[in-house]
Every structure is written in C-alpha cells, then in structure tokens.
Amino acid sequence: MVRRQQQADRALRPAMRSPGRPMPARHVERAFWRLIAQGKRTEEAALDLGVSTPVAVRWFRHAGGMPPLSLAEPTGRYLSFFEREELALLKAQGHGVRAIARQLNRDPGTISRELRRNAATRAGKREYRAGVAQWKAQIAARRPKPVKLAGNPRLCEYVQARLSGQLQRPDGTVVAGPSTTWKGLNKPHRADRRWATAWSPEQISRRLVIDFPDDEDMRISHEAIYQALYIQGRGALKRELVACLRTGRALRKPRERSRNRPQGHVTADVVLSERPAEAADRAVPGHWEGDLIIGLNRSAAIGTVVERSSRYTLLVHLPRLEGYGTVPPVKNGPALGGYGALAMKDALTTTMTTIPAELLRSLTWDRGKELSAHAQFKIETGVAVYFADPHSPWQRGTNENTNGLLRQYFPKGTDLSRWSLDDLLAVQAAINSRPRKVLGWKTPAEALNEHLRLLHSSGVATTG
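Residues numbered from 1 in each chain as written. Predicted model: local features only at pLDDT ≥ 70, side-chain atom pairs only at ≥ 80, totals over all residues. Heavy atoms only, no water.

(A) Highlighting the overall build of the protein. Along the backbone of the protein there are 17 helices and seven strands. For the protein, with 464 residues in total, the buried portion stands at 40%. The contacts of the protein with a sequence gap of at least 6 include a subset with a gap of at least 24, amounting to 62%. When the accessible surface of the protein is totalled, it reaches about 27100 Å², and 52% of it is carbon and sulfur. (Helix = DSSP H or I, 4+ residues; strand = E, 2+ residues; numbered from the N terminus. Buried < 20%, exposed > 50% of the residue type's maximum accessible area, 1.4 Å probe, protein only. Contact = heavy atoms within 4.5 Å. Areas by Shrake-Rupley, 256 points an atom, 1.4 Å probe, with all protein chains shown as cover.)

Right, dumping it as structure tokens:
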C-alpha cells in the first residue's frame, strides 16, 4: 500500500512546465541587491557576482530599483544552495541518505524528502542536480501575498485619485495641462510633465488616517504605494503613474548611489572619501573648505575659504568680466558673470598663494562646477582638491558656519557687485580678528599664527 506521505512528496512527478527565463538563485539575487544598497552601479554589481550585465540590468529595471525580496539571511530551516551542491556530490559518490545527513548535519528525513521532491525527472528517472533542485524548491516555496491595493478597490481608487487626479479651475472645469506621453525615461528633463494632483505616497498614507479614522481597511503605508508603482508584477497601479511623483523617476534611485560618487568634473580620485584622514580631526592645520556666496540675480559672487583648524577665513574677489550684460554669451565661451571655471581658478590661486605653503594641504569644495578646473589649480598651487558629496553641506560645516557669519555683511538678496577687493579685505580682517568660543576666545588670526609658529619650531628642531 502506497503511503500518503510519498504521494504528497510528489515522487516521480512529471516534468514541470518551463517558466521561460530561469529564475535567479535567491542567494545571488540577495547578494546583488546588497551591492546595490551599498551604492554600486548595476554593471559593477554584475561583475562582482559573475552575472552578465544585461541580466543584472533586467533585474534592476523589473524591480524599479527596489529590492523585491528581504535582504536578511535565511534562518537555515531550509536547505541552502551550497548544501544542495554538497548533497549532489555525496549522492554521486554513492553515499547513503544517513551518511549524507551526518555530513550535512541534517536529519535523514530532510535528506530523503529532498531527494524525492526535487530530483530532476526529465530523463524519466530521478537524478539529483543541485541547480534543478534549487529551482524546484524556489518555485514550490512561492507564497505570493496579495497586494493590498489590488484587493481593495476603494483604497486603490482613493490612492490613484490623489496621485494622478486631474486639476480643476475655481469654477470646477478640468485643466488638462500639456499633452505628454510617458516613454519610461528616468527623470525627464526640459520636457513637459504631466499635470496631476500629485500627492506624495507619504501624504496619501497619512491623510487616510484623517479621512477614515474608523475604517481600518483604508490604511496603506507609503512604501507599499512605492512598490505598487515601481515593481513590475504587483499589478495594482500602472507603471506610468510614476510621472505623477515629484521626481518623475521611472526607477527608484538607491540612496547610497548619490553619496560619494564621481560625476562630471568630480572624478574618482577627488571624492571626499579620498581626502586624508588627518583633515577630519582638525589636529593638523592646512586643510581648507570653500564655497561661493552669490548675490541678487547672480549679480556677482564672493568665494569663501576657511581653514578647518584655526577658522581663518579668506575672501576671493570675483568681479564681473568685461562685456557682461553687453556682449551676448558664447557657447563654451568664458563665463562673464565672474565665477566661471577659469576665472574662479585664477582668483582662488591668487588668494590662496598669500598663505605660507606649510598651511596649504587640501581644499574641500562643494559639487559646484565653478571649480571644474581643479586639476590645473592643483598643479599651480600644490593644493589637493576634494569634493563633498551632493546635498551634504554638513561635510563642509566650518565653511557653512562661516558663510552664515558673512551674511551679516553680505545679506541674501543684495547686489554683491558693489564691493571692491579692498572692501572684501576689510570684512576679512574683521572676521579674522573676532574672538571665537571654539578657539578658547582666541581670534582666527592668532590661532593661525600659533599654528605657523609651531610648524616653524618643529621644522627647526628636526633640522638641528
């Protein structure tokens, strides 16, 4: 009599219908999304895992840039792919079920069920192969959870109306907005965007609690809305509705990708992570931070450079160039506003070379293109230039604080082209002669002179 358990184990089951494209192994897919979360590009993650680039790009696009699975390691309750590989080798060597169980530190029943359930049956007989066994186990383990938006039409209608609803004039007539087509491009630039109500997923999620305080069915997290938009196969919201989000991105951008990444004039050797560690603790003088203060209607700019240890400040005069406002701009020509790449490089070189060479070690700038000639600046001055991460002003906190002090003299919304170099030097002297609490009520000028004396005395001591 055939036991029901053996029937449930599906021994010698017929060949499974091919799902088309092979399913990636869970451990490979998990490792791929971990690398993406660390900020690696899709091509780099594919290279690290030994996966072809087109396959990795397809994984990323189909998931909308969001991990479609949990990145936590499995608990070990089920056999892993590595255990299945070891099982296949031991089985091919003629070991029995109990011997294999002892080798893998598993229960013999687990090994027996694995050999019956997940054996390859294409040739009409059971042969255990690790790849086929992993594929069958992953298919049998699928437990797709119904999407909340798909199972609640009222909730889906509410979300879609707040996300993609039409605009209305005060008299109630609909405003169609510009005629647009969604091409699936990531964050379209210089093109018409679809006009919609455009509530953010978080706004929708939080508003549900106010509009339906007693209806627990009308609840959804903002992350679930993002997943319904970005991950293919969820089926609740159409993918083109991402155009109604503020960014309009067709793919979600992993947070780490925007941090410390080369882009444009910022190459891999000048990102902030390459800056010497001594610059971070302020113990060694000579590491500077810089930025621009820009006037009303881009009237003019003032470069601000501050030394991290002593807080000594230098102001860079950036007057408008001859022909500004009268000569039409030329493509790829000089920036007549006064703070183009070449003008910025020349003015910064002139200003910083007034400081002794012992106090010129590095300069940290923001991502502005005004210092795109940083390579030539380094050749002329010997000062290594590093760029902070995008949208990370705290990485240049000393400079940001100094800019706030300077706004006492150069308020926002004023015309900065009125001030000459002598005027800037007067403000510079006032800032550097003001006692600072962080310096023990010394002035930045006194702190810088003290650093310079220490450097000279140590140099004399070493040469003697």
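On we go from here.
(B) Spatial organisation of the packing of helix 6 (residues 97–104) against helix 7 (residues 108–117). Relative orientation of the contacting elements helix 6 and helix 7 amounts to 115 degrees, with a least axis distance of 8 Å. In this view, helix 6 runs roughly perpendicular relative to helix 7, as classed from their interaxial angle. The way helix 6 lies across helix 7 gives a crossing that is right-handed. Counted together, Val97, Arg98, Ile100, Ala101 and Leu104 of helix 6 and Pro108, Ile111, Ser112 and Leu115 of helix 7 form the full contact between these two elements. In terms of residue class, the contact of helix 6 with helix 7 is made up of seven nonpolar, one polar and one charged. (Axes fitted to C-alpha atoms, helices over the stretch in contact; angles between N-to-C directions. Parallel < 35°, antiparallel > 145°, perpendicular 65-115°, else oblique. Left-handed = near helix turned anticlockwise from the far one by under 90°. Nonpolar A, V, L, I, M, F, W, Y, C, P; charged D, E, K, R; others polar.)

(C) Just the pattern of salt bridges, in detail. Under the definition given, this model contains 15 salt bridges. Between Glu73 and Arg34 there is a salt bridge whose closest N-O contact spans 3.0 Å. Within this pair, whereas Glu73 is found in the loop between helix 4 (53–62) and helix 5 (81–92), its partner Arg34 is found in helix 2 (residues 26–37), the two being separated by 39 residues in sequence. One salt bridge connects Lys40 with Asp48, and the closest N-O pair in it is separated by 2.4 Å. You can call Asp48 partly exposed: its relative accessible area is 45%. Here the residues in one salt-bridge network are Asp291, Arg396 and Glu400, joined through shared partners. (Salt bridge = Lys/Arg side-chain N within 4 Å of Asp/Glu carboxyl O.)

(D) Local environment of unusual backbone geometry. A positive phi angle, close to 60 degrees, is found at Asn105, a residue other than glycine. Even without glycine at this site, Arg282 takes up a positive phi of about 65 degrees. Its place among the elements puts Arg282 in the loop between helix 12 (222–230) and strand 3 (287–294). For Arg282, a relative accessible area of 27% translates into the label partly exposed.

(E) Spotlight on the nonpolar core. If you look at the biggest cluster of nonpolar residues, it comprises 28 residues, and the most contacted ones within it are Trp288, Val305, Leu348, Leu363 and Trp365. In terms of residues, this core owes the most to one element, helix 13 (residues 341–352), which gives four residues. Sequence-distant contacts of Trp365, defined by excluding residues within four places in its chain, comprise Gly290, Asp291, Leu292, Val305, Met344, Leu348, Glu370, Leu371, Tyr386, Phe387, Ala388 and Arg396. Among the nonpolar cores identified, the runner-up in size contains 24 residues, and Leu149, Val159, Leu208 and Leu245 belong to it. (Core = buried A, V, L, I, M, F, W, Y, C linked by side-chain atoms within 4.5 Å.)

(F) Seen up close, the environment of Arg367. Position of Arg367 relative to the elements: it lies in the loop between strand 6 (362–365) and helix 14 (374–381). Judged by its relative accessible area of 14%, Arg367 falls in the buried class. Within polar-contact distance, the side chain of Arg367 engages the backbone oxygen of Ala388 at 2.7 Å. (Polar contact = N/O pair within 3.5 Å; in protein donor to acceptor, adjacent residues only side chain to side chain.)

(G) Structural detail: helix 6. Within the span of helix 6, buried status applies to Ile100, Ala101 and Leu104. Buried positions in helix 6, seen along its axis, are confined to an arc of 100 degrees and lie on one side of it. Facing away from the buried side of helix 6 by over 90 degrees, the exposed positions are Arg98, Arg102 and Gln103. Next to the buried residues of helix 6 lie helix 5 and helix 7. (Arc of directions from axis to C-beta.)

(H) Region of the structure containing the pairing of strand 5 (residues 313–318). Most of strand 5 sits out of view: five of its six residues are buried. Here strand 4 (residues 301–307) hands over to strand 5 after five residues, with Arg311 in that stretch at a positive phi of 65 degrees. (Pairing = 2+ DSSP bridges.)

(I) Expanded view of the side chain of Lys345. Secondary-structure assignment places Lys345 in helix 13. Since its relative accessible area comes to 9%, Lys345 is described here as buried. Polar side-chain contacts of Lys345 include one of 3.0 Å to the side chain of Asp346. Polar contacts involving the side chain of Lys345 include one to the side chain of Glu380, which spans 3.1 Å.

(J) Looking closely at the packing of aromatic side chains. Taken as a whole and judged by the stated rule, the model has six aromatic pairs. Ring geometry for Tyr226 against Tyr230: centres 6.4 Å apart, planes inclined by 20 degrees, an arrangement best described as stacked. With Tyr226 and Tyr230 both in helix 12, this residue pair falls four residues apart, about one helical turn. As far as burial versus exposure is concerned, Tyr226 and Tyr230 are alike and both buried. Of the aromatic side chains, those joined through ring pairs into one cluster are Phe32, Trp33, Trp59 and Phe60. We note Arg162 situated over the ring of Trp199; from NZ or CZ to the ring centre the distance is 5.9 Å. Across the ring face of Tyr226, the terminal group of Arg252 is positioned such that the distance to the ring centre comes to 4.5 Å. (Phe/Tyr/Trp six-rings, centres within 6.5 Å; stacked < 30°, edge-to-face > 60°. Lys NZ or Arg CZ within 6 Å of the ring centre and 35° of its normal.)

(K) Examining the packing of helix 2 against helix 4 more closely. The geometry of helix 2 relative to helix 4 is characterised by a closest axis approach of 12 Å and an angle of 75 degrees between their N-to-C directions. For the element pair helix 2 / helix 4, the angle class is roughly perpendicular. On helix 4, the residues that touch Val28, Glu29, Phe32, Trp33 and Ile36 of helix 2 are Ala56, Trp59 and Phe60.

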